[in-house]
Amino acid sequence: MEADLVDASEVPLNGELGFVLAASLALAACGGSESESSIAAVTPVLKPLSDIEASRFLAQAGFGGNQDDLERLKSLGYEGWLTLQINEAPPPSRWAYGMQLRSNDFPAFQNWQVLPNILWQSLFSGKDVLQQRMTLALSEIFVISYPGVDVAGPIKSLVMAHFMDLLQKSAFGNFRQLLEDVTLSVAMGRMLGTLGNLKEDNKGRRPDENYAREVMQLFTIGLYELNLDGSLKKDSNGQPIETYTLDTVSNLARVFTGWTASLQFNVVNPDLEVSHQPMSHVAANHSLLEKNFLGTVIPAGTAGPASLKIALDTLFNHPNVGPFIAKQLIQRFVSSNPSPAYISRVASIFNNNGQSVRGDLKAVIKGILLDPEARQAPDLLGQFAGKHREPMIRLVQLIRTLDYRSPDGAWRLGNTNDSSWRLGQGPLGAASVFNFFRPGYTPPGSELAKQGLVAPEMQIVSETSTLVQVNYWYNLLMDPQSSTFRTYNDANGNNLNDKKETGLSLFLTEEKKLADQPTALLERFNLLFACGQLSDGVKAAIINSISKISIVDANPAKVESFKQNRVVATLLMVLSNPEYLVLK
């Protein structure tokens, strides 16, 4: 498949801009000063008191924003903005968009890049940034992958698009419903073996145990019993207490038997309705043995749907779920290393939203974003506060913050999962159910490791990825049309690319007005992208570099080109700097 990748048509670097691009990579190797201050008690505020506070909140809650977005947040206040976002109507479902594309542009629908294009379109087109961000976060907990969802080619994109729709449906809903929707989805059924899972027989066949294991380990309770603050419970010997055993997995696996869907392989026009319907149950294929797990006993002879309800209720009500999910969501939005008190506060909201409702994700995300530890000033949070920004989050921020335009509203960013020439990440692009990175990953030999801290996103960071991503940003800034145009299959199934006119356009009108004011230009990007976190030393180095790009010429056309070079160079040096990459 990699042989079919769209040519990025890399734009040759001119001398001056090439120098600054090299300088941006040098800056990426160093950061500014770090604060060692301890967290101080703060009084929660109702509104951001500055543009910088507004920018930081929008970067945590969504994908950043432009100056108008900052002004809107300052006017509405945090609660007002959250209420507006929670009630914001989402764009049409991804499944419906895929069906529309199938009807209106079947050659493009057949192309292997159709799924990422469907997923990008919703991320760039909607005003519901919080819901989109929450959906993306949930997709990194309830993980499916391209190779794992092995359904027929004509409906694979629809099955996976619908899975994202299910996550979005419960983004502000209840975790119990989310757990059931995921469990019964065709995508997860193929990913982890519940679709077509058969009961035991007298020839030695046993139910597939994959989903039974992962629904506990990855989706609900984790490997070890937790306190409310996410710390490990210990036994009398000081050892962590395992949440389940092999026997637990075997018993729970019996619950997930008998579920199926009428998928059609090797059919030119398969039934498309199955792609957005839950799996159905075939009683004859369900295990009727007793199911004994996690302190619950489902009596022998209990039917499949009833067994499923009891099992999901048991998992949902396990005391681990609150802290287990709370910590992972905090990691996705705010901090890789939240304090035990922060985890405890959010887990308590998960357990009870104040109205005796458990699993209210709307209350949970509000609790995460409004918590004093999230709203604390970055310079008071200490050296290891915050989180590394994921590549796909940075991409969405770039497109939404600058004046990018899609000529037909399709927003074709294509498949960005290849780490050798793009981001190494994209929606639903993880290689396995374990996501792109582990929640507990620590860079070996790092200061973080010495401190017993984690940096999950650093698992996909390397010297190569840094260089590749800078080149990718450069191409998106200098010639976005060349890597974002329509791809489609011809009558013989060959991958073809359309004209550049179907790709994205970028208008840097406002930015070029500041090209002759390097400090003002840098401060614009420092605010909108880095949330005001660039140190004086880093800013001085950037200004010194970009000032070497001349913007003077007798030819007005050349002046415009030189101004664009200076704008792009400035932004590249911000986007590649650690003080931007780590959102405090």
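Up top is the structure these notes are about.
The rules behind the values
Residues numbered from 1 in each chain as written. Predicted model: local features only at pLDDT ≥ 70, side-chain atom pairs only at ≥ 80, totals over all residues. Heavy atoms only, no water. Helix = DSSP H or I, 4+ residues; strand = E, 2+ residues; numbered from the N terminus. Expected span 1.5 Å × (residues − 1). Buried < 20%, exposed > 50% of the residue type's maximum accessible area, 1.4 Å probe, protein only. 1 Å grid on protein atoms, 1.4 Å probe; cavity = no way out; pocket = protein on both sides within 12 Å on 5 of 7 lines; lining within 4 Å. Points joined across faces, edges and corners; volume = space filled by probe spheres on them. Nonpolar A, V, L, I, M, F, W, Y, C, P; charged D, E, K, R; others polar. Phe/Tyr/Trp six-rings, centres within 6.5 Å; stacked < 30°, edge-to-face > 60°.

**Student:** How should helix α13 (residues 304-316) be read in this particular structure?
**Tutor:** Taking 1.5 Å as the rise per residue, α13 with 13 residues should run 18 Å; its terminal C-alpha atoms sit 18 Å apart, in good agreement. Those residues of α13 not exposed but buried are G304, S307, L308, A311, L312, T314, L315 and F316.

**Student:** In this structure, what is going on with empty space enclosed by the protein? I would like to understand it.
**Tutor:** Take a probe with the size of a water molecule and roll it over the atoms, and the empty space left behind shows itself. Under the criterion given, the structure shown has 4 cavities of 30 Å³ or more. For the largest cavity, the calculated volume is near 120 Å³. Contributing to the lining of the largest cavity are 13 residues, with L101, A108, N117, A410 and R412 lying nearest its centre. Within the residue set of the lining of the largest cavity, elements represented by two or more residues are α4 (94-104) and α6 (114-125). Considering only residue class, the lining of the largest cavity consists of 6 nonpolar, 4 polar and 3 charged. Surrounding the second largest cavity, 14 residues form its lining, A59, R133, R389, I393 and L583 being those nearest its centre. The leading source of residues in the lining of the second largest cavity is helix α18 (residues 391-401), at 3 residues. Its residues placed into classes, the lining of the second largest cavity shows 6 nonpolar, 3 polar and 5 charged.

**Student:** I keep staring at the packing of aromatic side chains and nothing clicks. Help me out?
**Tutor:** Each pair of aromatic rings is reported with the distance of its centres and the angle of its planes. Under the counting rule described, the total for this entry stands at 14 aromatic pairs. Look at F57 and W81: their rings are 5.4 Å apart centre to centre, the planes differ by 85°, and that puts the pair in the edge-to-face class. Note that F57 is positioned in helix α2 (residues 51-61) and W81 in helix α3 (residues 67-86), a separation of 24 residues in sequence. With a relative accessible area of 0%, F57 lands in the buried category. Between Y472 and W473 the ring centres are 5.6 Å apart and the planes differ by 45°, which places this aromatic pair in the tilted class. Like W473, Y472 is buried. Grouped by ring-pair contacts, the aromatic residues F142, F175, Y211, F219, F256, F316 and F350 constitute a single cluster.

**Student:** Would you mind showing me how to read unusual backbone geometry here?
**Tutor:** Glycine aside, negative phi is the norm for most residues, and most peptide bonds take the trans geometry. A positive phi is found at S356, a non-glycine position, where the angle reads about 60°. Of note, S356 is situated in the loop between α15 (340-351) and α16 (361-370).

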